[in-house]
Amino acid sequence: MNGAADAKLAIHGGSPVRPESLPYGHQVIEEDDIQNVVDALRGFFLTTGPLVSEYERAFAKKVGARHAVALNSGTAALHAAVFAAGVGPGDEVITTPITFVASSNCILYCGGVPVFADVEADTLNIDPLRIKEKLSDRTKAIIPVDFAGQPAAMEEVTSIANEHDLVIIEDAAHSLGASYKGSPVGSLSTMTIFSTHPVKHITTGEGGMVVTDNDEYAHRLRVFRTHGISVDANERERAGDWFYEMKDLGFNYRIPDILCALGISQLGKLERFVERRREIASRYDEFFSRINEIEPLRQRPDRESSFHLYVIRLKEELLTVGRKEVFKALKAEGIGVNVHYIPLYWHPYYQSLGYTRGLCPVAESQYRKIISLPLWAGMSDKDVEDVICAVEKVVRAYRK
Ligand SMILES: *Cc1c(COP(=O)(O)O)cnc(C)c1O
């Protein structure tokens with residue numbers, strides 16, 4: 001690429017591919033998004049108002065679910081879903097170690113015990129065979145994560161769940177807009193959670209959503225979102241207009257109307273944003289298939305990823321340096337690389353709970369090779385070329 005590939009690495013004093021760093025993920029906010037939020041600010045409600053239910057209806061329709069319950073973060077959505085599933089002290093919930101800490105913290109919030117099942121080496125998604133090995137009398141639910149945007153092996157996970165009467169809470173924070181055997185993510189599991197943090201496909205600043213076809217779960221999620229308080233119309237009739245009852249220990253997980261205004265206009269752009277992410281991913285695929293030293297994640301033919309992340313794996317046996325050096329060299333070139341994720345139970349808090357290294361060997365060995373490259377809908381073709389150019393430059397310099 002422009003002869004830059006043979007140039008001295010920025011980390012060794014050469015000139016960087018980009019003078020300013022390109023982030024690995026970023027929101028795309030357009031004029032109509034801004035206008036929608038401004039209009040909401042002029043409205044009567046700032047928090048729970050008509051825009052919350054409008055956003056929920058539009059979201060449920062988009063992902064093919066009966067109910068959508070909006071909350072103020074993806075983490076709150078996970079907490080509410082684990083609560084709605086009835087997970088309590090001592091109950092075990094199986095999840096993956098290659099995920100953000102929230103996928104497992106939500107189990108601890110309810111007094112449950114996270115049980116980590118190892119991942120498939122080529123997709124980094126939870127491995128159904130490993131789930132089977134972790135089942136016990138205490139298992140209550142499974143939280144598969146659609147890593148990087150590619151749905152997990154949902155057919156296999158569903159058949160395990162059905163056989164053992166388990167609830168599936170699909171963590172789809174990476175996979176809004178993805179599909180599995182032709183069905184949209186959101187229509188596959190008992191409950192599915194999404195996040196609208198700025199690095200995700202669409203944003204509300206902070207925000208989350210749980211979708212479900214189950215009326216009872218939808219009700220429990222709504223009550224949990226607002227302190228565990230429920231208002232029964234009949235009771236209110238008898239007791240007077242002030243009547244309400246707190247029936248569960250809930251939280252204030254409500255999302256403001258202002259943010260739902262942003263969510264509504266962002267949701268209308270989902271297809272365009274996902275399309276652009278896929279376009280960038282296929283440009284990366286095309287280029288990286290020609291570089292021996294790196295290997296992208298494998299995509300299964302029966303799933304369409306919505307590419308929250310683009311993860312490459314380094315073949316360290318073909319390089320003179322390790323992942324840390326390659327990572328630092330790419331950073332120095334102005335490429336905002338990241339690593340998703342450190343095996344979850346390696347974090348000190350989980351170690352203090354008694355989880356030990358070696359628990360999921362595939363996750364641990366893959367972790368040592370992975371780097372996430374920038375991928376978001378607002379990247380220009382020039383940004384994409386810069387990433388490719390920097391990867392080529394760094395690999396060339398460290399090739400054996
Ligand atoms: C982003 C994310 C979450 C949590 O979302 P927040 O909205 O930041 O609370 C949960 N799980 C995964 C896999 C995520 O990437």
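In this report, we go over the structure that sits alongside the text. Remember, it's a predicted structure, so these values are computed and weren't measured experimentally.

Our focus in this paragraph is the pattern of salt bridges. In this structure the tally under the stated criterion is 28 salt bridges. Measuring nitrogen to oxygen at the nearest pair gives 3.0 Å for the salt bridge that ties Glu30 to Arg272. You can see Glu30 sitting in the segment before helix H1 (31–41) and its partner Arg272 sitting in helix H10 (residues 270–288), a full 242 residues away along the chain. Judged by its relative accessible area of 25%, Glu30 is partly exposed. The salt bridge partner of Arg300 is Glu120, with a shortest N-O separation of 3.2 Å. Taken together, the positions of Arg300 in the loop between strand E12 (294–296) and strand E13 (303–304) and Glu120 in the loop between strand E3 (113–116) and helix H5 (128–134) put the pair 180 residues apart, joining distant regions of the chain. Residues participating in the shared-partner salt-bridge network are Glu30, Asp32, Asp33, Lys269 and Arg272.

This part takes up the sheet that holds strand E4 (residues 139–143). Taken together, seven strands build an open sheet; the order of strands is E1-E9-E8-E5-E4-E2-E3 and the sheet is mixed. In the strand order of this sheet, the two ends are held by strand E1 (67–71) and E3, each with one partner. On average, each strand axis in the sheet is inclined to that of its neighbour by 25°, with strand direction left out of account. The sheet contact formed by strand E8 (residues 191–195) and strand E9 (residues 208–212) spans five bridges and is antiparallel.

With that out of the way, let us pick up the layout of surface pockets. The space that makes up the largest pocket amounts to roughly 330 Å³. Lining the largest pocket are 23 residues; nearest its centre among them are Phe100, Ala173, Ser195, His197 and Lys200. At the level of secondary structure, the elements contributing two or more residues to the lining of the largest pocket comprise helix H3 (74–84), helix H4 (102–109) and E8. A per-element tally of the lining of the largest pocket places H3 first, with three residues. Residues that form the lining of the largest pocket fall into these classes: nine nonpolar, 11 polar and three charged. Estimated volume of the second largest pocket: approximately 180 Å³.

Moving on, we come to the packing of H3 against helix H7 (residues 215–225). Interaxial distance between H3 and H7 falls to 9 Å at its minimum, and their mutual angle equals 125°. As summarised for this structure, H3 and H7 are arranged oblique, according to the angle between their axes. As H3 packs across H7, the resulting crossing turns out to be right-handed. Residue-level contacts link His79, Ala80, Ala81, Phe83 and Ala84 of H3 to Tyr217, Arg220, Leu221 and Phe224 of H7. Counted by class, the contact of H3 with H7 contains seven nonpolar, one polar and one charged residues.

Each value, and the rule that gives it
Residues numbered from 1 in each chain as written. Predicted model: local features only at pLDDT ≥ 70, side-chain atom pairs only at ≥ 80, totals over all residues. Heavy atoms only, no water. Salt bridge = Lys/Arg side-chain N within 4 Å of Asp/Glu carboxyl O. Helix = DSSP H or I, 4+ residues; strand = E, 2+ residues; numbered from the N terminus. Buried < 20%, exposed > 50% of the residue type's maximum accessible area, 1.4 Å probe, protein only. Pairing = 2+ DSSP bridges. Axes fitted to C-alpha atoms, helices over the stretch in contact; angles between N-to-C directions. 1 Å grid on protein atoms, 1.4 Å probe; cavity = no way out; pocket = protein on both sides within 12 Å on 5 of 7 lines; lining within 4 Å. Points joined across faces, edges and corners; volume = space filled by probe spheres on them. Nonpolar A, V, L, I, M, F, W, Y, C, P; charged D, E, K, R; others polar. Parallel < 35°, antiparallel > 145°, perpendicular 65-115°, else oblique. Left-handed = near helix turned anticlockwise from the far one by under 90°. Contact = heavy atoms within 4.5 Å.

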